[in-house]
Amino acid sequence: CFTQSLLLPLLLRSSFASQDSMPAQIPDEIKPGFDGLGFTKYQNVFGVNILATEGVDDDSMLHAAKIMASYLDNDNDGVVDDEAVRNKLYKKHASLVIFKDQEEADETFPPPLMNLKGWMSMLNLVLAGTVDSIQDLYDSEIHPNSKSLDAFSHEVGDTDSFDATLEETLHLITHVGVSEVYKDDFGEGMYAHAAGRGGAESKMNFMIDKLNGDCGFGYYNNYKDPSSGECTGFYAYDDPTCDYQCIQTEGLYWALTSLLGAQNYTTRMDGIQNEWLLAQPRDMRRNASDLVDLLEDNDKFAWLPRKLPDGNYPLNQLPAAQVNEIKDLAIYIVVAAALGIALCIGCCVWCCRHRAWLHREHTEDEKEKIVQMKSRRTLNASSSNIGMSLPSDRKLTRVSSAYTRSSQTSTAGGSSSPSKRVSSSKRHSRMSRQSNTPPEHLTPPPPPSKIDEKTALRMMQLEDENKLLRMQVQSHNELFAQLEEDEDLEEMDEDVPAPLNSRPSETIN
């Protein structure tokens, strides 16, 4: 008997561990998103990640896992009630992160400046689209023995603390999953809504807006305490950081948990009346009947719980953990950014060190461009002069044809006048003498006093081009003189009278 009394606690502890299982290490699939942020414990509930830091009590973490499982599998049969909501939570990497207290949370998000691994994990969360799918919870606000978990059995004098696990787990489910799957009924409205009432887009939006009456919200700087009698609403929230979507998430939590019996004890109702006045189910049915009808339509919306989670869900019947991998993309982005920065720095250093050399090369290039420009001007001027002294192609063709005819006529009819031939020869000799004298612009410039190798080579090329150009000018002038002489011969042959035997016979009277 004494031995049994010693072994009984160990047996009970072993039974508890086998039923609930102790938190595991963070799986490798999601480490890129949470490594370096201080999380050491992990639990998977229907694909939803639950992570906790080392300072969080194991029992607190397991309690949070039970509440999450009970919301998703409200009849405790081991099968999730709404597969569509579960798939959305899984696809968006929905994660409940538990810290010891708010101070630890503030030190983790964002991570310290020197925590490179933490910043890379945050970057991976952003790339995976998971940042908006994370809900935090503090160990200091988890109360597994709270009366709030015992629906409809509260005593008027209960003063224990409310278990915030009921709130934060429901926030994660409705914000990440339900609002996306059932947008027309439970959509949270426009994210950018910052003034007025234009953000409503679902049935729930209009119902919760109606519960606010004219009490306003801290986000719009028009908040009034609903219990003060200064406004006509039943719901208001003074947090200036809670935007329209946040207001809808909070309103759905208040309405659903009140209807399930989590808020209806005296100390709780007194503590929340500056925000919510419908803590008892009868008050909900009397003042928000349309919202009650929506929240009790379990046939249409399978995710809606029929009973309040009490923290007694058997975790051993959960299916095998399904972990949605978070890819490690941050390392590639960081490496690419580092290479880009290094390349820019290297280019800047190279440019600074070779600035003088680049300037000198630029100066020589400019000199080369000036030499080429002068050469081009010289060639253009020479071409224009040649165009003035030479006939057009059409005239050359005509003169050549005339020369052919003249040669045939000369052979048949004799020679031309010696006087015109002499004048033509004089004109030819005069043009030849003129052509032998090169134009002034073709005369090469005197060499500069100091010439580098490139400039000297270019000047030699220009001199060769000028010689060739002078030879072409002389050749063209000689050809033009010959063509003009042949044209004069043709004109002389036309003036010579025809032979007598070639004249037509005349009739003599």
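Up top you'll find the structure we're talking about.
Below, the structure is looked at part by part. (Residues numbered from 1 in each chain as written. Predicted model: local features only at pLDDT ≥ 70, side-chain atom pairs only at ≥ 80, totals over all residues. Heavy atoms only, no water.)

**What to know about the nonpolar core**
Among soluble globular proteins, nonpolar side chains are generally buried collectively.
Then comes step 1: Ranked by internal contacts, the top residues of the largest apolar core, which has 72 residues, are Ile 98, Phe 186 and Trp 303.
Then comes step 2: Every element with two or more residues in this core is listed here: strand S2 (48–53), helix H3 (58–72), helix H4 (83–91), strand S3 (95–99), helix H7 (165–181), helix H9 (203–212), helix H10 (244–260) and helix H13 (289–295).
Then comes step 3: Apart from residues lying up to four places away in sequence, Phe 186 is in contact with Val 178, Ser 179, Ser 202, Met 204, Leu 252, Leu 294, Leu 295, Phe 301, Trp 303 and Leu 304.
Then comes step 4: Residues Val 97, Met 122, Leu 125 and Ile 326 belong to the second largest nonpolar core, which totals 15 residues. (Core = buried A, V, L, I, M, F, W, Y, C linked by side-chain atoms within 4.5 Å. Buried < 20%, exposed > 50% of the residue type's maximum accessible area, 1.4 Å probe, protein only. Helix = DSSP H or I, 4+ residues; strand = E, 2+ residues; numbered from the N terminus. Contact = heavy atoms within 4.5 Å.)

**Brief notes about the state of the cysteines**
Then comes step 1: Here the structure, examined in full by the defined rule, presents two disulfides.
Then comes step 2: By sequence order of its bonded cysteines, the protein has the disulfide arrangement 1-2, 3-4. (Disulfide = S-S within 2.5 Å.)

**Notes on the environment of Gly 177**
Then comes step 1: Structurally, Gly 177 is set in helix H7.
Then comes step 2: What makes Gly 177 buried here is its relative accessible area of 0%.
Then comes step 3: Ignoring anything within four residues of it in the chain, the contact list for Gly 177 reads Val 85, Lys 88, Leu 89 and Leu 172.

**What about the sheet that holds strand S1 (residues 39–45)?**
Then comes step 1: If you trace the four strands from one edge of the open sheet to the other, you get S1-S2-S3-S4, paired in mixed fashion. In this open sheet, the two edge strands, each paired with only one partner strand, are S1 and strand S4 (134–138). Neighbour to neighbour, the strand axes of the sheet diverge by 20° on average, direction disregarded.
Then comes step 2: Across five bridges, the pairing between S3 and S4 is parallel. (Pairing = 2+ DSSP bridges. Axes fitted to C-alpha atoms, helices over the stretch in contact; angles between N-to-C directions.)

**Here we look at the pattern of salt bridges**
Then comes step 1: Summed over the entire model, instances satisfying the criterion amount to six salt bridges.
Then comes step 2: Here Lys 41 and Asp 58 are joined by a salt bridge, their closest N and O atoms 2.7 Å apart. Of the two residues, Lys 41 sits in strand S1 while Asp 58 sits in helix H3, which places them 17 residues apart along the sequence.
Then comes step 3: Classification of Lys 41 by relative accessible area gives buried; the value is 12%.
Then comes step 4: Its relative accessible area of 25% is what places Asp 58 among the partly exposed residues.
Then comes step 5: Of the charged contacts, one joins Lys 203 and Asp 185 as a salt bridge, the two residues approaching to 3.4 Å between their closest N and O atoms. Placement of the pair is Lys 203 in helix H9 and Asp 185 in helix H8 (residues 183–186), with a sequence separation of 18 residues. (Salt bridge = Lys/Arg side-chain N within 4 Å of Asp/Glu carboxyl O.)

**Details of unusual backbone geometry**
Then comes step 1: Of note, the bond from Phe 109 into Pro 110 is cis; its omega dihedral lies within 30 degrees of zero at -5°.
Then comes step 2: Mapped onto the elements, Pro 110 comes out in the loop between helix H5 (102–108) and helix H6 (116–127).
Then comes step 3: For Asn 76, which is not glycine, the phi torsion reads 55° and is therefore positive.
Then comes step 4: You can see Asn 76 is positioned in the loop between H3 and H4.
Then comes step 5: Backbone geometry places Asn 221, a non-glycine residue, at a positive phi of 60°.
Then comes step 6: Looking at where Asn 221 falls in the secondary structure, it is placed in the loop between H9 and H10.

**Remarks on the pairing of S3**
Then comes step 1: Counting buried residues in S3 gives five out of five residues, a clear majority hidden from the surface.
Then comes step 2: Of the two faces of S3, the one lined by Ser 95, Val 97 and Phe 99 and the one lined by Leu 96 and Ile 98 are each fully buried.
Then comes step 3: In the sheet, S2 pairs with S3 via four bridges, with the strands oriented parallel. From the neighbouring strand, Ala 52 faces S3, where its bridge partner is Ile 98.

**Brief notes about the packing of H3 against H7**
Then comes step 1: Where H3 contacts H7, the axes come no closer than 10 Å and their chain directions differ by 50°. Relative to H7, the element H3 lies oblique. Crossing handedness for the pair H3 and H7: right-handed. Along its contact with H3, which presents His 63, Ala 64, Ile 67, Met 68, Tyr 71 and Leu 72, the element H7 presents Thr 165, Leu 166, Thr 169, Leu 170, Leu 172 and Ile 173.
Then comes step 2: Among the residues forming the contact of H3 with H7, the class breakdown is nine nonpolar, three polar and no charged. (Parallel < 35°, antiparallel > 145°, perpendicular 65-115°, else oblique. Left-handed = near helix turned anticlockwise from the far one by under 90°. Nonpolar A, V, L, I, M, F, W, Y, C, P; charged D, E, K, R; others polar.)

These figures capture arrangement, not role.
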